[in-house]
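# Coordinates in review
Here is how the chains run, residue by residue.
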Amino acid sequence: MEKKITLNMITCRTIQQGVGMEAGKTSQKYFDACTIMHMHPEDMKKLGVWKNTNVKVTSSVGSVIVKAVETREDLVPGLAHIPMGPWANRIVPAYTYSTGEPCFKGFPVDVEVAASARIMGAVEVLQDACGLIRK
Amino acid sequence: MPKDVTDVICPFCGTLCDDLIVTVSDDNKTILGVKNACAIGAEKFNHQRLPGRVQRPRMRQADGSYKEITYDEAIDWTANLLVKSRKTLMYGWASTSCQAMSIGHEIAEKVGGIVDNCATVCHGSSLIAIEDVGVPSCTLGEVKNRADRVIFWGCNPAHAHPRHMSRYSIFPRGFFTVKGHKGRKIYCVDCRYTDTAKCADEFIQVQQGYDYELLNAFRTAVRGEALPDFVGGVPKEKIQAMADDLKSARFGIIFFGMGLTHTMGRNHNIDIAINLTRDMNDHTKFAIMAMRGHWNVTGSGQVLGWQYGFPYAVDLSRRDQARHQTGETTSVDLLNRNEVEACFYIATDPGAHFPVDAMISSSRKPTVTVDPHINCTTEISDIHIPVAMVGVEVGGCAYRMDNVPIETRKVVDPPEGMLTDEELLTKINTRVDELLAKGGA
């Protein structure tokens, strides 16, 4: 049976994401910087996932495939981080509690291993959600 | 001979570094090198010369492909859309000049648009709190020259404002801070041990989402009242020691970021941080400042502020009055409720930075995106109008995070025939006037 763990998700800027963004939203730099999920080594053990393996992250609004990496900026166990971008925003709840600010930080997600799943491109991940990709 | 352009303003983050040196080619068309900039700022300048940049407006076809059209066609289409739509979301503005914003607002007044800027998903909560309780702030120059206690709360300038620490907050030597880093005590409060925390003397690891409680505990400690053993995962001894140390400061400053504005509590987190700053002023001089993200998001707040009285999410759809109500006139809520008839995005990329549900709603409306480059939003828009990069290919006024206006500089010429934001918006404005004179589209 596939293992699944629940983590508290935050999305933030990283300098690599900033550089990638300025290099172009369709650039490889941006893709590399934003399609990762920082995880604590203990959580990786608990989930049974190797470093740099793709995982499926599911929140109340949807799911996205990203690559699980071990955190460099230390997270506490139970906390996970995806750099801001279209991938992170596939799972960010849009509800704003009447403040205008969606819930970018601190929402629960389920994480499961999806080693063979493909990570979509920046434009593709958005167009897919918006139903603009003709299959 | 290539030449150096000095004192260039960096159009990336709210720090607006003003000491860049950019080497440009003889013909004034290509950027050859950038000095003094951070990794992100340098990339922004270097991006200008990348091949494959879109140079003319594009319109999406039925099969999903894009067809090149002329500026005139794009302007006419956009003006018609704006005039026809009863409620248009005009979002973005944070990466363009104040002059361009002003023209955009004029259009919004005529067509009944809702003008919102990137603060709506960034420091919007801070602006709500500032509207509620005011803000005891200062300029970055004062921080550099006076601050001996610096607190980074829920922000990570090492990643988001890379030169902030070296220019203003940690390392520089100032008039009263001649010892530089050694004369300052740096605190970092975050739920992660960030790269900023690694530069700090003290790191306080708060449990994610417990910032309000911890700020409240600091207020309690400063007032000398009893604390529970742990608040937000932080032991009371640590809170008390830090509170006592802050009281002994000559000048303290709290920098706060998305760690407060995006977590539960939102504006209340900022509210109490401002109140802590107010309390601290009973003991010493203390100030608080928002780490504004986009380089000119502060400028957008300023221009909207002096024109309509509100810093973001200004609803002009009633024509005779400006309205602002967070949760109602804010972009994400408008999109969530499917309340607008068309979208006009300029100088931003909501496709990458709005939650997907809001963008699904946006993608079903006629959309125009004005941006120098291809991004996520342009690829779900009906029309993409490329423009010159403000701060690189055209100058204009911008506001730094401490509300100091700085005139950005033109470094190189834009590609042949490419319009600037100001020129484009002026043309759209004129076309809107013509259409309205004819009695609508």
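Residues numbered from 1 in each chain as written. Chains lettered and ligands numbered in written order. Predicted model: local features only at pLDDT ≥ 70, side-chain atom pairs only at ≥ 80, totals over all residues.

## So, the overall build of chain A
Broken down by element type, chain A carries 5 helices and 6 strands. The linear arrangement of helices and strands in chain A, starting from the amino end, is β-α-α-β-α-β-β-β-α-β-α. Taken over C-alpha atoms, the radius of gyration comes to 14 Å for chain A, in line with the 14 Å a tight globule of 135 residues would show. Its C-alpha atoms give chain A principal-axis dimensions of about 35 × 35 × 35 Å. A burial count over chain A gives 48% of its 135 residues as buried. Look at the contacts in chain A between residues 6 or more apart in sequence, and 72% of them connect residues 24 or more apart. (Helix = DSSP H or I, 4+ residues; strand = E, 2+ residues; numbered from the N terminus. Rg over C-alpha atoms; globule rule 2.2 N^0.38 Å. Buried ≥ 20, exposed ≤ 12 C-beta atoms within 10 Å, placed from the backbone. Contact = placed C-beta atoms within 7 Å.)

## Let's talk about the overall build of chain B
Regarding its fold elements, chain B presents 17 helices and 20 strands. Against the compact-globule benchmark of 22 Å for 441 residues, chain B has a radius of gyration of 23 Å, which places it among compact chains. Here the C-alpha coordinates of chain B stretch approximately 70 × 55 × 35 Å along the principal axes. The buried share among the 441 residues of chain B stands at 59%. Sequence separation of 24 or more characterises 68% of the internal contacts of chain B that already satisfy a separation of 6 or more.

## A short note on the sheet that holds strand β17 (residues 367–370) of chain B
All names here are of chain B. The mixed open sheet is built from 8 strands, whose spatial order is β5-β4-β18-β17-β16-β6-β7-β15. Across the chains shown, the open sheet's two edge strands, defined by having one partner strand only, are β5 (66–68) and β15 (314–315). By the bridge criterion, 2 bridges tie strand β7 (residues 113–117) to β15 in an arrangement that is antiparallel. Its bridge partner lying in β15, Val115 is registered against Val314. Contacts from helix α3 (residues 98–111) reach β6 (88–92), β7 and β16 (342–346) within the one sheet, and its direction differs from that of β7 by about 145°. (Pairing = 2+ DSSP bridges. Axes fitted to C-alpha atoms, helices over the stretch in contact; angles between N-to-C directions.)

## What about the sheet that holds strand β9 (residues 185–190) of chain B?
Residues and elements named next belong to chain B. Strands sit in the order β10-β9-β8-β13-β14 across an open sheet of 5 strands; the sheet is parallel. Edge positions in the sheet fall to β10 (202–205) and β14 (285–290), since each of these pairs with one other strand and no more. Strand-to-strand twist of the sheet, defined as the mean angle between neighbouring strand axes without regard to direction, takes the value 15°. With 4 bridges joining them, β9 and β10 adopt parallel strand pairing. Paired with Val189 across the bridge in β10 is Ile204. Strand contacts of helix α12 (residues 267–280): β8 (149–153), β13 (251–256) and β14, with the helix running at about 160° to β14, the strand carrying the most contacts.

## Remarks on the confidence of the model for chain B
In regions of low pLDDT, the predicted coordinates are not meant to be interpreted in detail. Residues of chain B with pLDDT of at least 70 account for 100%, and the chain-wide mean is 95. Confidence metrics for the complex model read pTM 0.96 and ipTM 0.96. (pLDDT = per-residue confidence, 0-100.)

## Considering the interface of chain B and chain A
Each partner contributes to the interface: chain B provides 55 residues, whereas chain A provides 45 residues. Looking at the side of chain B that touches chain A, the elements with two or more residues in it are α1 (39–47), α4 (124–133), α6 (157–160), α11 (258–261), α14 (331–336), α15 (350–353) and α16 (356–363) of chain B. By residue number, the principal contributor to the side of chain B that touches chain A is α16 of chain B, which donates 6 residues.

## Re the pairing of β6 of chain B
All names here are of chain B. Summarising burial for β6: 5 of the 5 residues are buried, a large majority. Burial along β6 is two-sided: Thr88, Met90 and Gly92 and Leu89 and Tyr91, pointing in opposite directions, are all buried. In terms of handedness, the path from β6 via α3 over to β7 forms a crossover that is right-handed. Two elements, β6 and β16, share 5 bridges in a ladder whose sense is parallel. Across the sheet, the residue bridging to Gly92 is Ile346, located in β16. (Right-handed = clockwise from strand over helix to strand, strands pointing away.)

## Some details on the domain arrangement of chain B
Residue and element names in this part refer to chain B. Domain boundaries in chain B define domain 1 (3–47), domain 2 (58–121 + 295–437) and domain 3 (124–290). The straight-line distance from the C-alpha centre of domain 1 to that of domain 2 is 25 Å. With 17 residues of domain 1 at the contact, the number on the domain 2 side is 16 residues. Only β1 (3–8) and β2 (20–24) provide two or more residues apiece to the side of domain 1 that touches domain 2. The residue makeup of the side of domain 1 that touches domain 2, split by class, is 11 nonpolar, 4 polar and 2 charged. (Domains from an automatic or database assignment. Nonpolar A, V, L, I, M, F, W, Y, C, P; charged D, E, K, R; others polar.)

## Details of the environment of Glu423 of chain B
Residue and element names in this part refer to chain B. With respect to the helices and strands, the residue Glu423 is situated in helix α17 (residues 421–437). Judged by the 16 C-beta atoms lying within 10 Å of it, Glu423 is partly exposed. In this structure, the C-alpha to C-alpha distance between Glu423 and Gly265, residues 158 residues apart in sequence, is 41 Å.

## Considerations on the packing of α3 of chain B against α17 of chain B
Residue and element names in this part refer to chain B. Between α3 and α17, the least distance of the axes is 9 Å, while the angle of their chain directions is 20°. Taken together, the axes of α3 and α17 are roughly parallel relative to one another. Seen from above, α3 lies across α17 with left-handed handedness. Contacts between α3 and α17 involve Gln99, Ala100, Ile103, Gly104, Glu106, Ile107, Lys110 and Val111 on the former and, on the latter, Asp421, Glu422, Leu425, Thr426, Ile428, Asn429, Val432 and Leu436. (Parallel < 35°, antiparallel > 145°, perpendicular 65-115°, else oblique. Left-handed = near helix turned anticlockwise from the far one by under 90°.)

## A look at the packing of helix α1 (residues 15–23) of chain A against α1 of chain B
Direction vectors running N to C along α1 of chain A and α1 of chain B enclose 10°, while the axes themselves pass 8 Å from each other. The angle between α1 of chain A and α1 of chain B falls in the class roughly parallel. Contact with α1 of chain A, carried on its side by Ile15, Gly18, Val19, Glu22 and Ala23 of chain A, involves Ala39, Ile40, Glu43, Lys44 and His47 of chain B of α1 of chain B and no other residues of that element.

## Notes on the nonpolar core
For soluble globular proteins, the rule of thumb is that nonpolar side chains tend to be buried together. Met37 of chain A together with Trp153, Phe218, Phe255, Phe256, Ala273 and Phe344 of chain B are the most contacted members of the largest nonpolar core, which totals 189 residues. Residue contributions to this core peak at 7 residues, all from helix α9 (residues 211–222) of chain B. Not counting the four nearest positions on each side in its chain, Ala273 of chain B is found in contact with Trp153, Leu215, Ile254, Phe256, Leu260 and Ile288 of chain B. (Core = buried A, V, L, I, M, F, W, Y, C linked by C-beta atoms within 7 Å.)

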